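An overview of the molecular structure
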Amino acid sequence: MNRYITAALSAALLAALTSCAAEPAPQTASERDVFAMDTFMTMKAYGDGADKALEAAETRIFELESELSVTEADSDISRINSAKGAAVEVSPDTALLVGAGAQYWQDTAGALDISVYPVLREWGFTTGEYKVPDSSTIAKLLKNVCGGEISVSGSTVQIPADSEIDLGALAKGYTGDEIMAIFRENGVSSGLVSLGGNVQALGSKPDGSDWRIGIKDPFSPDENMCVVSIADKAVVTSGNYERCFEADDGKVYWHIIDPADGCPADNGLVSVTIIGSKGLQCDALSTALFVMGTDKAQTYLADHTDVEAVLVTDDGSLLYTDGLREKLDITGDMPSEVIARD
Ligand code: ADP
Ligand code: MG
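First, a word on scope: everything that follows refers to the structure included in this document. Per chain, residue numbering runs from 1 following the sequence as it is written. Whichever chain is written first becomes A and whichever ligand is written first becomes 1, with later ones labelled in order. pLDDT decides what is reported in this predicted model: residues at 70 or higher carry local features, side-chain atom pairs at 80 or more are listed and counted, and totals for whole chains, interfaces and linings draw on all residues regardless. Water and hydrogen atoms play no part in the side-chain values, which are based on all heavy atoms of the structure.

A closer look at the overall build of the protein
- Think of it this way: any DSSP run of H or I at least four residues long counts as a helix, any run of E at least two long counts as a strand, and we number them from the N terminus. Helix and strand content of the protein: nine helices and 19 strands.
- With respect to the three principal axes, the spread of C-alpha positions in the protein is 95 × 50 × 35 Å.
- The buried share of the protein, taken over its 342 residues, is 50%.
- Any two residues whose heavy atoms approach within 4.5 Å are treated as being in contact. Pairs at least 24 residues apart make up 58% of the contacts formed inside the protein by residues separated by at least 6 positions.
- Surface exposure here means Shrake-Rupley accessible area, sampled with a 1.4 Å probe, where a residue is shielded only by the protein chains that are shown. Element-wise, carbon and sulfur atoms account for 49% of the exposed surface of the protein, whose accessible area totals about 16500 Å².
- Lys and Arg are tallied as positive, Asp and Glu as negative. Neither His nor the chain termini are counted. For this purpose, a charge sits on NZ of Lys, CZ of Arg, CG of Asp or CD of Glu. The averaged location of the 54 negative side-chain charges in the protein is 4 Å from the averaged location of its 24 positive side-chain charges. We call a residue buried when its accessible area falls under 20% of the maximum for its residue type, exposed when it is over 50%, and partly exposed in between, using a 1.4 Å probe and counting protein chains only.

Pasting the structure below:
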């Protein structure tokens, strides 16, 4: 009897050893590129459902674009902007995002204000016809910047008659979350998307190691200043180098507007990266903390430990939250400091 057991055990052991010895075949990624929301997007997914997931993700991206676009005449946002103060029935996505815009306005003391759009347009950031508006034009437009007067009730949105909104600060973050959900539903266990400055990962790399995401040096955007290791996280950067122009006065102006004065936010930061599990939150906060500037951003981060951040100051220092100590490789030569939190 014993002999039989020993023989069976040896056979099982041998089978286990042989299967261990064979190298697991490296999984190949399914990939897809999409141009949408004014951005070049790349998606990569691993697993049996990858192709189906990418197809569904692409459909979802274009669905979101058609609801949220500020330029397509029949999008939800265009209908809200031309409603002259009337309540407008919108899709669940739009209601959720406009509601998030109102919520983050409150949460960031007005730094994020989705109704700053007419000011942004006056500077030419929406069209590429850049100009420095005169101060009386800005003052007039600022009267209708109304983040606190945006209301969402069920599936209807209402904003003041002379105001207009755009979701440029939030849409790609939410899109990232939606793509992660689609990947999961289709059985994808590992995937990575890059939507402009927004990177978001599902799980870790197929071999179980972390994804390594480069963060651009705002002073030299062709190079990375650091690499962050993540799994199941979004990494969202707002930088002053993304959409900017040099005016006749020799100054450079960029597309993140401080709702306090209607000018490109210039409060000490030139790049803000937020790392967290929700793309929407990371996107909202990358823009908002850029507007807040060096001091207020650090105060905000001290009170909100559910996200990590990498900040770059205009005098060339890199500040990062303590949760990134083991996760960040600084590759450039910028002096760095840890933002300590309790
Ligand atoms: P990007 O779109 O380059 O990834 P952001 O996520 O920082 O960068 O979003 C910038 C966009 O957000 C702008 O193009 C504009 O549409 C909008 N925006 C600019 N300033 C603000 C602001 N203070 N609050 C809300 N939205 C803003
Ligand atoms: Mg943003």
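And the narrative resumes.
A few points about the packing of aromatic side chains
- For Phe, Tyr and Trp, rings pair up if their centres lie within 6.5 Å, where Trp contributes its six-membered ring, and each pair is then called stacked (planes under 30 degrees apart), edge-to-face (over 60) or tilted (otherwise). Counted under the stated rule, the structure contains seven aromatic pairs.
- Centroid distance tyrosine 46 to tryptophan 211: 6.5 Å. Interplanar angle 40°. Geometry classified as tilted. Residue tyrosine 46 is found in strand 2 (residues 39–46), and its partner tryptophan 211 is found in strand 8 (residues 211–217); the two are separated by 165 residues along the sequence.
- Overall, the relative accessible area of 4% leaves tryptophan 211 in the buried class.
- Aromatic side chains phenylalanine 125 and tyrosine 130 sit 5.5 Å apart centroid to centroid with 55° between the ring planes, which places their arrangement in the tilted category.
- By relative accessible area, tyrosine 130 is classed as partly exposed at 32%.

A word on the site of ligand 1
- By convention in these notes, a residue is near a molecule or strand provided one of its non-hydrogen atoms lies within 4 Å of it. Neighbouring residues of ligand 1: 18 residues in total, closest Lys172, Ser238, His255, Ile257 and Thr287.
- For ligand 1, an oxygen atom lies 3.3 Å from a polar atom in the backbone of alanine 169.
- In this structure, histidine 255 approaches ligand 1 through a side-chain N or O atom, which is 2.9 Å from an oxygen atom.
- Three classes are used: nonpolar for Ala, Val, Leu, Ile, Met, Phe, Trp, Tyr, Cys and Pro, charged for Asp, Glu, Lys and Arg, and polar for all others, with Gly counted as polar. Tallied by class, the residues present in the shell around ligand 1 amount to nine nonpolar, four polar and five charged. Whenever a nitrogen or oxygen atom comes within 3.5 Å of another N or O atom, the pair is scored as a polar contact, on the condition that within protein one atom can donate a hydrogen and the other can accept it, and that pairs from neighbouring residues in sequence are kept only if both atoms are in side chains.

Quick look at the sheet that holds strand 18 (residues 328–330)
- Strand pairing follows a simple DSSP-based rule, namely that at least 2 bridges must link the two strands. On the basis of which strands lie adjacent, the open sheet formed by three strands has the order 8-9-18 and antiparallel pairing. Sheet topology places strand 8 and strand 18 at the edges, where each strand pairs with a single neighbour. Taken pair by pair, the neighbouring strands of this sheet meet at an average axis angle of 30°, ignoring direction.
- Inspection of the sheet shows strand 8 paired to strand 9 (residues 220–230) by seven bridges, in the antiparallel sense. Directly across from tryptophan 211, in strand 9, lies its bridge partner isoleucine 230. Fitting a line to C-alpha atoms yields each axis, with helices limited to the stretch in contact; the angle taken between N-to-C directions then spans 0 to 180 degrees.

Structural notes on the pattern of salt bridges
- For salt bridges, the criterion is a side-chain nitrogen of Lys or Arg within 4 Å of an Asp or Glu carboxyl oxygen. In the structure shown here, the tally under the stated rule is twelve salt bridges.
- Here aspartate 329 makes a salt bridge to arginine 212, at a shortest N to O gap of 3.0 Å. One end of the pair, aspartate 329, is in strand 18; the other, arginine 212, is in strand 8, with 117 residues separating them in the sequence.
- Taking the relative accessible area as the measure of exposure, aspartate 329 reaches 37% and is therefore partly exposed.

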